[in-house]
Amino acid sequence: MVVNGIIKKGEYFDSVSLMIVAKTINQMGPGIDSAVVMGTRENRAILDTAGLLLPAFDEAGDTDLLIAIKAETEEQAETILQKIEEQLQLLRKKDDSGEDFNPKSLEGALKVLPEANLSLISVAGKYAAAEAWKALENGLNVMLFSDNIPMEEEIKLKQYAHKNGLLVMGPDCGTAIINGVPLAFANVVNRGSIGVVAASGTGLQEVTTLISNSGEGISQALGTGGRDIKKDVGGITFIDSLKALGEDENTKVILLVSKPPHPEVLAKIGKIADEIDKPIAALFLGADKETLKQYSFYVAHNLEEAATLAVSLARGENDSSPSVPADELRTTASKETGFAPEQKYLRALYSGGTFCGEAQTILTEMEDVFSNAPLGNSQKLTDSHKSTKNTIVDMGEDEFTKGKPHPMIDFSTRNERIVTEANDPETKVILLDIVLGYGANMDPLSEVIPPIKKAKEIAQTNNRHLPIVCSVTGTDRDPQNRSSVVTGLQKAGALVLPSNAAATKLAALIIEK
Amino acid sequence: MTEWISYGDRLECGEYREHSRFNKAVNFISPNGTPVSLVTEPIGAGPQNIVILNGNLLSYRALAISEHKIQWDSGDVCRFSDFQQGVYTSHFSHHLPQTINRDIFFENLDSLSEILRETAPDKSLTFLLPRAPKPKWEGAFEQSFAQNAVDAAAHLMTGKFTEGVKKLKGTGFGLTPGGDDFIAGLMVGLHVTQTLCNFSCYCSAHLPVTVEEIFQIAESDNFFSNRFLLYARDGHLFQHFNHLLTALFTAQSSDNAIKAVTQKLYDVGETSGADMCAGFIFCMNLFEQ
């Protein structure tokens, strides 16, 4: 007698289906023994007692399905396993209540779409690495939206991907645009000749939408996950992405966006950039300017500048002028009057972490800046929920999102904070980012306008003037339609700027008044 | 058009992505492992279930739950106030009558046992109950599993709860192994025993084990089993089981009500409902004295 079997990892069949499979096997003839059970340690012990345990089953987890067959010959066992696979596929199809086949596994999905070369994985962290391995081993690139994956696992995944000519974007990669298709939190942008590599989700969204709004377009926008540029990971995905864009015939200009990479990683990036015969603009937010000079990048200092530079390079120029000239910002700021003497401080409430960082790098000259994610000269807030003097808050941080949706989806926590800041007589300006696109709140106006109006009413009641400055990240082709959102915010009395950089500068000018 | 029927009282705010999909249910999970299930009416309400009617489960692949509403990736937004039956109160204590009559309960428990013996699916753990027919076990695994279950039952009957639970956990057929379902039933039995104890001045300290102790032993990495076990530990039950408890405490000398509810329980998985019932009855039989 021969024992053979298979493990179905990460495929979930209801109990009725499993019983049907078991019955099918039993009908295949006398002398055949089988078990179709979940791979718990205890079931494996029983399989062992029954003489049906295979060494490969040791790798099984509690939610893996084990199918063990004892048959007279190897050939018979193989035939039975083949029939089981067919039956499981049939059962998957029958499970659908809709007309289209809804695959429940990567293997099933590949049968429907054999030409797929990317797997987007969004499952709980403890299962995500396994799914990523499955994808890589099937020759797919991976976008890992999931987080809570150990660094060691990330490194192994990326090393394997690198060796096999694949990319792993992530973990915690929330944004990418591949062949014009927005993935996860991403925007609908023009196709074009600018390729982006970003270790920053909101950063990627800001630059791609600004580029698109300028009339240029995106060839590919690749996210790497925030840890990729650290020393341990070594920038594997960042560098491979950069190389890929260097070789891509549709990419004429490359834009790099991240926080400062580890010096060793930066050196590697710089070396590769030097070898690519295309203009490369780079924003390493908060990096030392002198360090960057040794490389051939066109260096930008904020996201808007990076986007403007990339657009300019795509047009054969070299211009990084801001979208809103400084004079115009000063004029706008000068119109904000009627402040009470005690109004002094900026309260910036961000849903995008990169915007929180960018604001701090722009406001480097401002005194008494506090943040829950401090950069540069900023001090750490004692209590993220309570502002101190000039406060710049990343409301996507853990202390705000435990058990709640991200603030890009659910505005309620930030809305409460807007009103809280309005009640503080020392608040002079409130600064907000509104990020549009897939994955984000589909009806931002209905959620953010009421607290904006309330904030203004509170200020007015107390003989104060309270400007609320917003940036809106998105395009008119996004589901929310950027122009509609801008118009709605302006009607509510907000000052709306085309970028976070412009909004931050305006806020700073108002504070200086 | 989707009709929103009820939502469980243990829903937690957060973002959820699809975990697994079945004919009548889609499971979602948050980044920190909290589950939510979108189910159709045959499955019924549960502590973390959202029940719909006429909806296409394929339309829903992700959701975000906030204080007042649920936002789906499909674009659907349903406010909690939109649900026809509102919140489902899952703790079993809310489904018991104000006045507990032990005689009625144990009489109905006998009826339930009889019903299970006659109608429970093949290969469920009902065979561990007294006078239950023994299934025809096919193959080495089934025979080993059955013997293991008998050994476990022997431990339980002699008061060695931890040994019995250790032997049962993770064993058996189905997406949620039958042993786990049986253990969930044991835990519900302990809750009900506690309730009966409180009403008869019997000192609950005489119980040889707590639900927490059982859960600690039975907890596993099987996402599906663990949910049932966790709910059972805390006394938060699915609708069909709560209805069963209500029937057990209130049905009058007729096994039709109990039979009807038991039939609905059989709709849960292949043997899960029956296994959980079996565990519950087994526990109640132990403490009936």
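Here the structure is a predicted model, which is why all the values come from computation and not from measurement. Each chain has its residues counted from 1, running along the sequence as written. Here chains are named by letter from A upward and ligands by number from 1 upward, in the order in which they appear as written. Note on the predicted model: pLDDT of at least 70 is required for a residue's local features to be given, and 80 or more for side-chain atom pairs to be given and counted; whole-chain, interface and lining totals, by contrast, use all residues. Heavy atoms from the whole structure form the basis of all side-chain values; hydrogens and water molecules are not counted.

A. The arrangement of the overall build of chain B in detail. Helix numbers and strand numbers start at the N terminus; a helix is a DSSP run of H or I with at least 4 residues, a strand a run of E with at least 2. Across its full length, chain B holds nine helices and nine strands. Across chain B, the fraction of contacts at a sequence separation of at least 24, relative to all contacts at a separation of at least 6, is 65%. For the area figures, the Shrake-Rupley method with a 1.4 Å probe applies, and any residue is considered shielded solely by the protein chains shown. Of the roughly 11,400 Å² of accessible surface on chain B, 48% is carried by carbon and sulfur atoms. Contacts were defined at the residue level, with two residues in contact if any of their heavy atoms lie within 4.5 Å.

B. Looking closely at the sheet that holds strand E6 (residues 62–65) of chain B. Residue and element names in this part refer to chain B. Being paired, for any two strands, means DSSP has found at least two bridges between them. Taken together, nine strands build an open sheet; the order of strands is E8-E7-E6-E2-E3-E4-E5-E1-E9 and the sheet is mixed. Sheet topology places strand E8 (77–79) and strand E9 (87–88) at the edges, where each strand pairs with a single neighbour. Alignment of E6 against strand E7 (residues 69–72), held across three bridges, turns out to be antiparallel. Residue pairing in the sheet places Ala 64 in a bridge with Gln 71 of E7.

C. Seen up close, the sheet that holds strand E1 (residues 2–8) of chain A. All names here are of chain A. Pairing is antiparallel across the open sheet formed by three strands, whose spatial order is E1-E3-E2. Each edge of the open sheet carries a strand with a single partner, namely E1 and strand E2 (33–38). Taking each pair of neighbouring strands and ignoring which way they run, the sheet shows an average axis angle of 10°. Both E2 and strand E3 (residues 65–71) contribute to a ladder of six bridges, which runs antiparallel. Opposite Val 36, over in E3, you have Ile 67 as the bridge partner. To get an axis, a line is fitted to the C-alpha atoms, and for a helix only the part in contact is used. The angle between two axes follows their N-to-C directions and goes from 0 to 180 degrees. Contacts between helix H2 (residues 41–49) and the sheet are confined to E2 and E3, with E2 contributing the most and set at about 170° to the helix.

D. Fine view of the interface of chain A and chain B. Facing 46 residues of chain A, the contacting portion of chain B comprises 46 residues. What gets called buried area is simply the loss in accessible area from a 1.4 Å probe that two parts show on being joined, summed for both. A buried area of about 3,700 Å², summed over both sides, lies between chain A and chain B, and 58% of it is on carbon and sulfur atoms. It is Tyr 12, Met 19 and Ile 46 of chain A that lose the most area in chain A upon contact with chain B, and together they represent 15% of the buried surface on that side. Whenever a carboxyl oxygen of Asp or Glu lies within 4 Å of a side-chain nitrogen of Lys or Arg, that contact is scored as a salt bridge. Where chain A packs against chain B, one counts two salt bridges. Note that Lys 69 of chain B and Glu 447 of chain A form a salt bridge whose closest N and O atoms lie 2.8 Å from each other. Throughout this description, a polar contact denotes any pair of N or O atoms lying within 3.5 Å of each other; where both atoms belong to protein, one of them has to be capable of donating a hydrogen while the other can accept it, and for residues adjacent in sequence the pair is counted only when both atoms sit in side chains. Applying the counting rule to chain A against chain B returns eight residue pairs in polar contact (both at pLDDT 80 or more). Listed by contribution, the elements that provide at least two residues to the side of chain A that touches chain B are helix H1 (15–26), E2, H2, helix H3 (74–95) and helix H5 (125–137) of chain A.

E. Representation of unusual backbone geometry within the structure. Residue and element names in this part refer to chain A. Cis peptide bonds are those with omega within 30 degrees of zero, and the linkage from Gly 170 to Pro 171 qualifies with 0°. Relative to the elements of secondary structure, Pro 171 occurs in the loop between strand E6 (168–169) and strand E7 (175–178). One non-glycine residue with positive phi stands out, namely Asp 172, at about 60°. Checked against the element boundaries, Asp 172 lands in the loop between E6 and E7. For Asp 368, which is not glycine, the phi torsion reads 55° and is therefore positive. Among the secondary structure elements, Asp 368 is positioned in the loop between helix H13 (353–362) and strand E15 (369–371). Relative accessibility thresholds used throughout: buried, under 20% of the residue-type maximum; exposed, over 50%; partly exposed, between the two (1.4 Å probe, protein chains only). Asp 368 gets classed as partly exposed once you look at its relative accessible area, which sits at 32%.

F. Representation of the pairing of strand E2 (residues 14–21) of chain B. All names here are of chain B. In terms of burial, E2 is a largely internal element, six of the eight residues being buried. Pairing geometry for E2 and E6, over four bridges, is antiparallel. In the strand pairing of E6, Glu 15 is matched with Ala 64. Hairpin connection of E2 to strand E3 (residues 25–29): three residues between the antiparallel strands.

G. Expanded view of a negative patch on the surface. Taken together, the side chains of Asp 147, Asp 172, Glu 397, Asp 398 and Glu 399 of chain A present a region of like negative charge at the surface. Classification of Asp 172 of chain A as partly exposed rests on a relative accessible area of 48%. In this analysis, a patch consists of residues with relative accessible area above 30% that form no salt bridge, clustered at 9 Å for like charges and at 5 Å for the nonpolar side chains Val, Leu, Ile, Met, Phe, Trp and Tyr. Under the convention used here, Asp and Glu are negative, Lys and Arg are positive, and both His and the chain ends fall outside the count. Where a charge lies is defined by one atom per residue type, namely NZ (Lys), CZ (Arg), CG (Asp) and CD (Glu).

H. Broad picture of the packing of helix H15 (residues 412–423) of chain A against helix H16 (residues 444–461) of chain A. All names here are of chain A. Their axes nearest at 9 Å, the elements H15 and H16 cross at an angle of 10°. One way to sum up the angle between H15 and H16 is to call them roughly parallel. When H15 is examined against H16, the residues Asn 415, Ile 418, Val 419, Ala 422 and Asn 423 are found in contact with a partner set consisting of Glu 447, Val 448, Pro 451, Lys 454, Ala 455 and Ile 458. Taken together, the residues of the contact of H15 with H16 break down into seven nonpolar, two polar and two charged. Any angle that falls under 35 degrees is termed roughly parallel, while one over 145 is termed roughly antiparallel, one within 65 to 115 roughly perpendicular, and all others oblique. We call Asp, Glu, Lys and Arg charged. Ala, Val, Leu, Ile, Met, Phe, Trp, Tyr, Cys and Pro are nonpolar, and the rest, Gly among them, are polar.

I. Geometry of the nonpolar core. Residues Phe 105, Phe 141, Phe 241, Leu 245 and Phe 280 of chain B are the most contacted members of the largest nonpolar core, which totals 77 residues. With sequence-adjacent residues up to four places away left out, Phe 105 of chain B is seen in contact with Val 192, Leu 196, Leu 248, Phe 249, Phe 280 and Met 284 of chain B. For our purposes a nonpolar core is just a set of buried Ala, Val, Leu, Ile, Met, Phe, Trp, Tyr and Cys residues, chained together by side-chain atoms within 4.5 Å. Counting 58 residues, the second-largest nonpolar core is a separate cluster that includes Val 257, Ala 281, Met 408 and Leu 497 of chain A.

J. Spotlight on the pairing of strand E4 (residues 118–121) of chain A. Residue and element names in this part refer to chain A. Of the two faces of E4, only the one carrying Ser 119 and Ile 121 is buried; Leu 118 and Leu 120 on the other face are not. In this sheet, strand E5 (residues 141–144) lies alongside E4 in parallel orientation, the contact comprising four bridges. When the sheet's bridge partners are listed, Leu 120 is paired in E5 with Met 143. When the strands point away from the viewer and the connection leading from the first strand across the helix to the second strand turns clockwise, the crossover is called right-handed. Note that the unit made of E4, H5 and E5 has a crossover that is right-handed.

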